[in-house]
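Inside the fold
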Amino acid sequence: MSNPSKPNTERLLKQSHTNMPMGVADSYRYWGEDNTVFVKSSEGCTITDADDQTFVDFRLAYGPIILGYRDTRIDQAVVEAITTRGTISGFSTDLDSEVVELIKEMCPNIEKLRFANSGTEAVLGAVRTARGFTGRNKIVVVEGGFHGLYDEMMWKSDVDNWDNKSGKAPEIASFGVGIPEASREHLETVPLNSFEAIDEVFARVGNDIAAIVIEPILGNCGSIASSQEYLQKLRDMCNANGTLLIMDEVKTGFRVGKGGAQALYGIHADLTTYAKAMGNGYPVAAFGGRADVMDVISFGVKGVTHGGTYTANMVALSAAKATLTVLNETDALDTINKAGADIQQVLSRVFTKHGITHKFAGPDSMFGIHFGDVVPTNYRDWKATDSELYTEFAMNLIKYGIMLEPDSREPWFICESHRHVDLAWLEDTADKALAEAIVTKNAS
């Protein structure tokens, strides 16, 4: 690595442009005409592109890969399910309760649960259930969180275009066009770790707040974390107000610990969403929590409706059962955390060598890197970090065979297979990539 000539990638992208908008099946996969990646194969913690360039992958498909690509323990369980059960029937199976009981064993915050096919679906189901249970409309979300691609959750604090020296809060803007203004009507946005903002929104509209939705560790914002005191504040405010606390653990669930972020904080939500690491890359998700809240899901005009043709299919549930069993019964998460800690030590040596002030944020299994002298406490603080240098550094890493998202808002995801990474090679590669990034920055 790296081969600047990518004839197969160029051919595939040209072909794809005739078939799909932007030439990709998901807008986030388009990295421009020169950098869009087409994957040919994957194994362990590596991916190989269409031009046979192999990368050590710290992107891991935005986090679902927790053990490694093509992990035989999971794949064999899925193949067995397909060959003995089929893929889908439209009816219930014994796997439904088996997976739920496994989740309940790992996550004491779950009493009852329903399955979904994606994190977006899980959040939508949890929010609808919260509204159905409380009879209220408003949802409070925390800046920097990502809760899926449905209209209501696509109103964001526009930190990218915000002047952080203005003294004003960032504007709330839709994440693209085609999103009706009406979808914002019942959404309130607050900065992370601000007691004042929570007090203000409850004083203003507390009698209509159905739920607060929060990623306890911001998986789309460099793993900036809630403080213990802030999360307790949310729990207390919800208890006092009859509001539900929804923790979005689509990224942290079964990754940062067996019981997710809630096990780290010792604070439990009323409803929780899961996906990503739950199936080691197979498409499975879920939402659940208190039994009395979940039991509002039922038929009839007074019940919350939930369903889906592919919900709880045998491929998804067999993968979830196998993955969760490995995470629950082996030391895989300890191995993952150690690999993440070792990698941070390597990177820290490189940053220090080049005089780059830096801070790591979040757990070892999904850590963020922030070029600056303080750990950001919210999305607005992130604006003060040197994200441009980080992006230049990241693009150089990709050039030399290390795949990651070139945006410091995305964490480095670690899987069990990263225990095999050659740390000396990683250090040499990071050293070279950062040296070049600094030269580029100084020349601009």
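Cut-offs applied
Along each chain, the written sequence defines residue order, and numbers are assigned to residues from 1. Note on the predicted model: pLDDT of at least 70 is required for a residue's local features to be given, and 80 or more for side-chain atom pairs to be given and counted; whole-chain, interface and lining totals, by contrast, use all residues. With hydrogens and water stripped out, all remaining heavy atoms of the structure feed into the side-chain values. Buriedness of a pocket was judged along seven lines, with at least five required to meet protein on both sides within 12 Å; pockets are open sets of points on a 1 Å grid over the protein atoms alone, cavities are sets where a 1.4 Å probe fits but cannot get out, and lining residues have an atom within 4 Å of a point. Grid points are joined across faces, edges and corners, and a volume is the space filled by probe spheres set on the points. By the criteria applied, helices consist of DSSP H or I runs no shorter than four residues and strands consist of E runs no shorter than two, each listed in order from the N terminus. Basically, the charged four are Asp, Glu, Lys and Arg, the nonpolar ten are Ala, Val, Leu, Ile, Met, Phe, Trp, Tyr, Cys and Pro, and anything else, Gly included, counts as polar. Burial status follows relative accessibility: with a 1.4 Å probe on protein chains alone, a residue under 20% of its type maximum counts as buried, one over 50% as exposed, and anything between as partly exposed. Any two strands between which DSSP finds at least two bridges are classified as paired. Assignment of crossover handedness uses the view with strands pointing away from the viewer, where a clockwise path from the first strand over the helix to the second indicates a right-handed crossover. Nonpolar side chains (Val, Leu, Ile, Met, Phe, Trp, Tyr) within 5 Å and like charges within 9 Å form the patches, drawn only from residues with over 30% relative accessible area and no salt bridge. Methods summary: accessible areas were calculated by the Shrake-Rupley approach with a probe of 1.4 Å, and residue burial reflects only the protein chains presented. One speaks of a salt bridge when a side-chain nitrogen belonging to Lys or Arg is within 4 Å of a carboxyl oxygen belonging to Asp or Glu. Each polar contact in these results corresponds to two N or O atoms within 3.5 Å; when the atoms are within protein, one needs to be able to donate a hydrogen and the other to accept it, and residues that are neighboring in sequence are counted only if both atoms are side-chain atoms. To obtain each axis, a line is fitted to C-alpha atoms, and for helices this fit is confined to the stretch in contact; angles are then taken between N-to-C directions over 0 to 180 degrees. Just so you know how the angles are binned, under 35 degrees is roughly parallel, over 145 roughly antiparallel, 65 to 115 roughly perpendicular, and the rest oblique. In this scheme the handedness of a crossing depends on how the near helix is turned from the far one: anticlockwise by less than a right angle means left-handed, clockwise means right-handed. The contact criterion used throughout is that any non-hydrogen atoms of two residues lie within 4.5 Å. Domain start and end points were adopted from an automatic or database domain assignment. Throughout, the accessible surface (probe 1.4 Å) given up by two parts as they are put together, summed over both, is called the buried area.

What about the layout of surface pockets?
The computed volume of the second largest pocket comes to approximately 480 Å³. Those elements that provide at least two residues to the lining of the second largest pocket are helix H3 (94-106) and strand E4 (112-116). The greatest single-element share of the lining of the second largest pocket, amounting to five residues, is contributed by H3. Considered class by class, the residues forming the lining of the second largest pocket number eight nonpolar, ten polar and six charged.

A few points about the pairing of strand E12 (residues 244-248)
Burial of E12 is extensive: five of the five residues sit out of reach of the surface. The pairing of strand E9 (residues 209-214) with E12 spans four bridges and is classified as parallel. If you follow alanine 211 over to E12, its bridge partner there is leucine 244. Across three bridges, the pairing between E12 and strand E13 (residues 271-274) is parallel. Directly across from aspartate 248, in E13, lies its bridge partner threonine 273. Handedness of the crossover joining E12 and E13 through helix H7 (residues 260-265): right-handed.

Description of a nonpolar patch on the surface
Residues Tyr28, Leu149 and Phe175 make up a contiguous nonpolar surface patch of about 280 Å² in total accessible area. Looking at the element boundaries, phenylalanine 175 is found in the loop between strand E7 (172-174) and strand E8 (187-190).

Observations concerning the environment of serine 89
Among the structural elements, serine 89 can be located in the loop between helix H2 (72-85) and H3. For serine 89, a relative accessible area of 41% gives the class partly exposed. Separated by eleven residues in sequence, serine 89 and valine 78 have C-alpha atoms that sit 16 Å apart. In terms of polar contacts, serine 89 uses its side chain to reach the backbone amide nitrogen of phenylalanine 91, at 3.1 Å.

Describing the packing of H3 against helix H9 (residues 314-329)
Two elements in contact, H3 and H9, have axes separated by 10 Å at closest approach and are oriented at 30 degrees. The orientation of H3 relative to H9 falls into the category roughly parallel. Note that H3 runs across H9; the crossing there is left-handed. Residues Leu95, Asp96, Glu98, Val99, Leu102, Ile103, Glu105 and Met106 of H3 form the contact with H9, whose own contacting residues are Met314, Leu317, Ser318, Ala320, Lys321, Leu324, Thr325, Leu327 and Asn328. Tallied by class, residues from the contact of H3 with H9 come to ten nonpolar, three polar and four charged.

With respect to the sheet that holds strand E15 (residues 358-361)
Adjacent strands of a sheet form backbone hydrogen bonds with each other and so pair up, either parallel or antiparallel. A sheet is described by the order of its strands in space; here three strands give the open sequence E15-E16-E18, paired in antiparallel fashion. Edge positions in the open sheet fall to E15 and strand E18 (412-413), since each of these has one partner strand only. The pairing of E15 with strand E16 (residues 366-371) spans four bridges and is classified as antiparallel. Residue pairing for E16: alanine 361 is matched across the bridge by glycine 368.

Some remarks on the sheet that holds strand E2 (residues 46-49)
If you walk across this open sheet you meet the four strands as E1-E2-E3-E17, and the pairing is mixed. Two strands in the sheet have a free side with no partner beyond their single neighbour: strand E1 (39-43) and strand E17 (402-403). Summarising the sheet, E2 and strand E3 (residues 54-57) pair through three bridges and their orientation is antiparallel. Paired with isoleucine 47 across the two strands is phenylalanine 55, which belongs to E3.

Description of the domain arrangement of the chain
If you check the domain split of the chain, you get domain 1 (37-69 + 331-443) and domain 2 (72-329). Distance between the C-alpha centres of domain 1 and domain 2: 26 Å. Taken together, the contact between domain 1 and domain 2 spans 34 residues of the former and 36 residues of the latter. Between domain 1 and domain 2, roughly 3000 Å² of surface is buried when both sides are summed, and carbon and sulfur atoms account for 58% of that area. Three residues, Tyr379, Arg380 and Lys383, lead the burial of domain 1 against domain 2; their summed loss comes to 25% of the area buried on that side. Taken together, the links from domain 1 to domain 2 amount to 21 residue pairs in polar contact (both at pLDDT 80 or more). If you list the elements that add at least two residues to the side of domain 1 that touches domain 2, you get helix H10 (332-353), E16 and helix H11 (379-382). When grouped by side-chain class, the residues that make up the side of domain 1 that touches domain 2 number 20 nonpolar, nine polar and five charged.

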